[in-house]
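Each chain is listed here by its residues.
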Amino acid sequence: MTHRIDDLIALFDGVFSAPYRTCLVSGDDEPLYRPAAHAEDLHRIIFAHGFFASALHEVSHWCIAGERRRQLEDYGYWYEPDGRDAERQREFEQVEIAPQALESLFSEACGRRFHVSVDNLGGPEVDRDAFAARVDARAARYRETGLPQRAEAFRATLEAFYRHGLSREAAIDVGRARLARA
């Protein structure tokens, strides 16, 4: 299966642009969530450098963010670049467990390999295996208890398109139907 970014954007936008006024955008720089500036604008999930994994990761954050956070740039979260000390890295990993667990489930639905990201080049050595185990445990819990509504709709859309070979339109219909269930 070819994983083209234009398919991913079309799938996301097809399910979420109308009901959530949100679109997925390939950016040239760091990822960023930008809420709509005006009522007629769309909120934008901007992912890094056209990378498929970055798009899945940024959508994961959006799927977790509540309505209030979706009105704030980057959901109101702090971001500290590479070189975080051990305490800041622990804080970073704590807030990344859930989104990376969703990203792993999205990757699985696409038939892609998932790699955790500790995102701290130049900082203290990080126990990647321990972090990966926490992400895996959260993904297992999502499988048992269910995903948040938007996350489940996106996962189902991806699975329909990438695993079951449905057309974009049919896969989007699957995602829309999942949204309608709530």
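Everything below is about the structure printed above this text.
Here the structure is a predicted model, which means the values were calculated and not measured.

### Remarks on the packing of helix H5 (residues 149-163) against helix H6 (residues 168-180)
Where H5 contacts H6, the axes come no closer than 8 Å and their chain directions differ by 155°. By the criterion of interaxial angle, the relationship of H5 to H6 is roughly antiparallel. Viewed along their axes, H5 and H6 form a crossing whose handedness is right-handed. Residues Gln149, Arg150, Glu152, Ala153, Arg155, Ala156, Thr157, Ala160 and Phe161 of H5 form the contact with H6, whose participating residues are Arg168, Ala171, Ile172, Val174, Gly175, Arg178 and Leu179. Residue classes in the contact of H5 with H6 are distributed as eight nonpolar, three polar and five charged.

### Considering the environment of Leu42
Topologically, Leu42 is positioned in the loop between strand E2 (32-34) and strand E3 (43-47). Leu42 sits in the partly exposed class, given a relative accessible area of 37%. Sequence spacing of Leu42 and Tyr20 is 22 residues, and the spatial spacing of their C-alpha atoms is 8.4 Å. Those residues within four positions of Leu42 in sequence are excluded, and the remaining contacts are Ser17, Arg21, Thr22, Cys23 and Ala36.

Basis of the calculations
Residues numbered from 1 in each chain as written. Predicted model: local features only at pLDDT ≥ 70, side-chain atom pairs only at ≥ 80, totals over all residues. Heavy atoms only, no water. Axes fitted to C-alpha atoms, helices over the stretch in contact; angles between N-to-C directions. Helix = DSSP H or I, 4+ residues; strand = E, 2+ residues; numbered from the N terminus. Parallel < 35°, antiparallel > 145°, perpendicular 65-115°, else oblique. Left-handed = near helix turned anticlockwise from the far one by under 90°. Contact = heavy atoms within 4.5 Å. Nonpolar A, V, L, I, M, F, W, Y, C, P; charged D, E, K, R; others polar. Buried < 20%, exposed > 50% of the residue type's maximum accessible area, 1.4 Å probe, protein only.

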